[in-house]
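Fold and geometry: a report
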Amino acid sequence: MKSLLTFPKGGVHPPEKKDQTASLPIERMPVPDELEIILGQHIGAPCTVTVNKRDEVTEGAQIGEVKRGLGVPLHAPAAGKIKAIGTSAHPMRVSAPSVTIAVDHEAAAVEPHKQDWTSMSGKDLLTKVHEAGIIGIGGAGFPTHVKLNPPADNKIDLLLLNGAECEPYITADHRQMLEHAESVVEGAAIIMRILGVKQCRIGIEQNKPDAIAAMDKVASSFSSAECDIAVQPLEVKYPQGSEKQLIQAISGRKVPAMALPSAVGVVVQNVSTASAIFDAVVYEKPLYEKVVTISGGGINKPANLLVKVGTRVEDIVEYLGGVKPGLKKIIMGGPMMGFAISDLSVPVTKTTSSVLFLTEDEIDSTPHSQCIRCGWCLDACPMGLEPKEIGIYVEANRAEDTEPFGVFECFECGSCAYICPAKRPLVQFVRLAKMKAKRQ
Ligand code: SF4
Ligand code: SF4
């Protein structure tokens, strides 16, 4: 067994709570009667619609595009008729522009055609990644083709695949690595061709020994001198899966403040994004479905579901037999970085990794109090920031003065808020400070 690595500063150990779904195989959910596809699923400009109301679309047909600026096209997750071009509920905003498809359950299934990519150039592969609408599906939704085309003066020599999955409850990447290790590893090889790098390390936390074994076996058989792919086991520590922490843990390189990983010669991709790249290149399949962990004490039947993008949470709840009486809070994403939702018509997007149905004993509803200056949040912050000062300044109506405490370096991991004995909403303070400081 290789020695376990981790990042040197800060971090916390929230209860893992992955046992409800870690051993459940990925299950394909039947396509609901309607899909609600939000037009702005990636960082950058939202798509403009390329179809009209009442148009018939086939599975995988393009329904949206970004003509100018950062963005990727959007595809129909299933065949059907465009029922509406309007707005839908959104996990973070009240509503967002969307396209509604009335699904045609009688349409013929799309037959995948296998392509040989080994003779394709990196440039052609990059075009395929863009055309398939691939974005970072384990994170904020940054367009992948842009990340795989770093500035020319950033010489990339290392690809890191992120299989840490350090957020409690979530097991979607775990199951992806266990059940589709070949797709993930071959996806890594495609990315290496695009970047022109020879080395890839796949970081997986040691609480997923079966995934480490499965990935290690495939990586060893795939690896060569020109394509060196290996698994690197990691200590279990949150937020191990954040880019800067993963890079420092595995390569020892420290990404400077406000810089991108490419500044230290590294590109990071999530394991499920690598699998989506494999599907896009080998089967010409756009990104329009994904694995989502449904867990928590408030859902009748926890699951790792393969769902179409645009599937509403209410349809997932119905498929899984409804919610339990003790349900108190629904979170889209993990408990550390996710967002509470109250409207079950919110649809799954390309970046949805989980929907959690939490009961009273799974949430902490203690009201927050004054900062007692214990300093625990400073010790927990993996970026070495000063969350307590940010909170104190925000409460004193001086949010604009928080930049010296590192507010713009904060990636909202929630470690500080998790550890705070006064239960202070430090991430909310940071978000408010960022908003006000930017305005200033
Ligand atoms: S949320 Fe921000 S301030 Fe708090 S621990 Fe994470 S990076 Fe540090
Ligand atoms: S952990 Fe909470 S109480 Fe302690 S210094 Fe930080 S904000 Fe204040």
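You'll find the structure just up there.
None of the values given here were measured: they were computed from a predicted structure.

1. Thoughts on the overall build of the chain
Looking only at helices and strands, one finds 12 helices and 17 strands in the chain. In terms of C-alpha radius of gyration, the chain reaches 21 Å, essentially the compact-globule figure of 22 Å for 440 residues. With respect to the principal axes defined by its C-alpha atoms, the chain has extents near 65 × 55 × 45 Å. In the chain, buried positions account for 53% of the 440 residues. Within the chain, residue pairs in contact and separated by at least 24 positions form 74% of the contacts whose partners lie at least 6 positions apart. Surface summary for the chain: the accessible area is close to 19300 Å², and the carbon and sulfur share equals 51%. For the chain, the distance from the average site of its 46 positive side-chain charges to the average site of its 51 negative ones is 5 Å.

2. Structural notes on the sheet that holds strand β6 (residues 74–75)
With antiparallel pairing, 3 strands are arranged side by side in an open sheet as β3-β5-β6. Bordering the open sheet on either side are β3 (48–49) and β6, each of which pairs with just one other strand. For strand β5 (residues 62–65) and β6, the ladder comprises 2 bridges, and the chain directions are antiparallel. Directly across from G64, in β6, lies its bridge partner L74.

3. Regarding the pairing of strand β17 (residues 354–359)
Two faces, one strand: in a regular strand the side chains alternate between the faces of the sheet. By the criterion of burial, β17 is predominantly enclosed, with 6 of the 6 residues buried. Pairing of strand β13 (residues 289–295) with β17, which is carried by 3 bridges, proceeds in the parallel orientation. Bridge pairing in β17 places S295 opposite L356.

4. Section: the site of ligand 2
As a structural note, the neighbourhood of ligand 2 is formed by C371, I372, R373, C374, G375, C377, K388, C420, P421, A422, R424 and L426. Each residue belonging to the shell around ligand 2 can be placed in one class, and the counts come to 8 nonpolar, 1 polar and 3 charged.

5. Section: the environment of S95
Relative to the elements of secondary structure, S95 occurs in strand β8 (residues 95–103). According to the relative accessible area criterion, S95 is partly exposed, its value standing at 39%. Each C-alpha atom of the pair S95 and M258 lies 31 Å from the other, and the pair is 163 residues apart in sequence. Here S95 is in contact with T87, S88, A89 and H90, once residues within four sequence places are set aside.

6. Focus: the pairing of β13
Taken across its 7 residues, β13 has 7 buried, putting it largely inside the fold. Here β13 shows two buried faces, one formed by E289, V291, T293 and S295 and the other by K290, V292 and I294. Note: β13 against strand β14 (residues 303–308), 6 bridges, orientation antiparallel. What sits directly across from T293, in β14, is N304.

7. Some words on the nonpolar core
Counting residues in each nonpolar core, the largest one holds 47 residues, and the members touching the most others are L159, L161, I202, M215 and I229. Residue assignment for this core shows that the elements contributing at least two residues are α1 (122–131), β9 (158–163), α4 (181–195), β10 (199–205), α5 (209–222), β11 (228–234) and α7 (271–282). At 10 residues, the largest contribution of residues to this core is made by α4.

Thresholds applied
- Residues numbered from 1 in each chain as written.
- Chains lettered and ligands numbered in written order.
- Predicted model: local features only at pLDDT ≥ 70, side-chain atom pairs only at ≥ 80, totals over all residues.
- Heavy atoms only, no water.
- Helix = DSSP H or I, 4+ residues; strand = E, 2+ residues; numbered from the N terminus.
- Rg over C-alpha atoms; globule rule 2.2 N^0.38 Å.
- Buried < 20%, exposed > 50% of the residue type's maximum accessible area, 1.4 Å probe, protein only.
- Contact = heavy atoms within 4.5 Å.
- Areas by Shrake-Rupley, 256 points an atom, 1.4 Å probe, with all protein chains shown as cover.
- Lys, Arg positive; Asp, Glu negative; His and termini not counted.
- Charge placed at Lys NZ, Arg CZ, Asp CG, Glu CD.
- Pairing = 2+ DSSP bridges.
- Near = heavy atom within 4 Å.
- Nonpolar A, V, L, I, M, F, W, Y, C, P; charged D, E, K, R; others polar.
- Core = buried A, V, L, I, M, F, W, Y, C linked by side-chain atoms within 4.5 Å.

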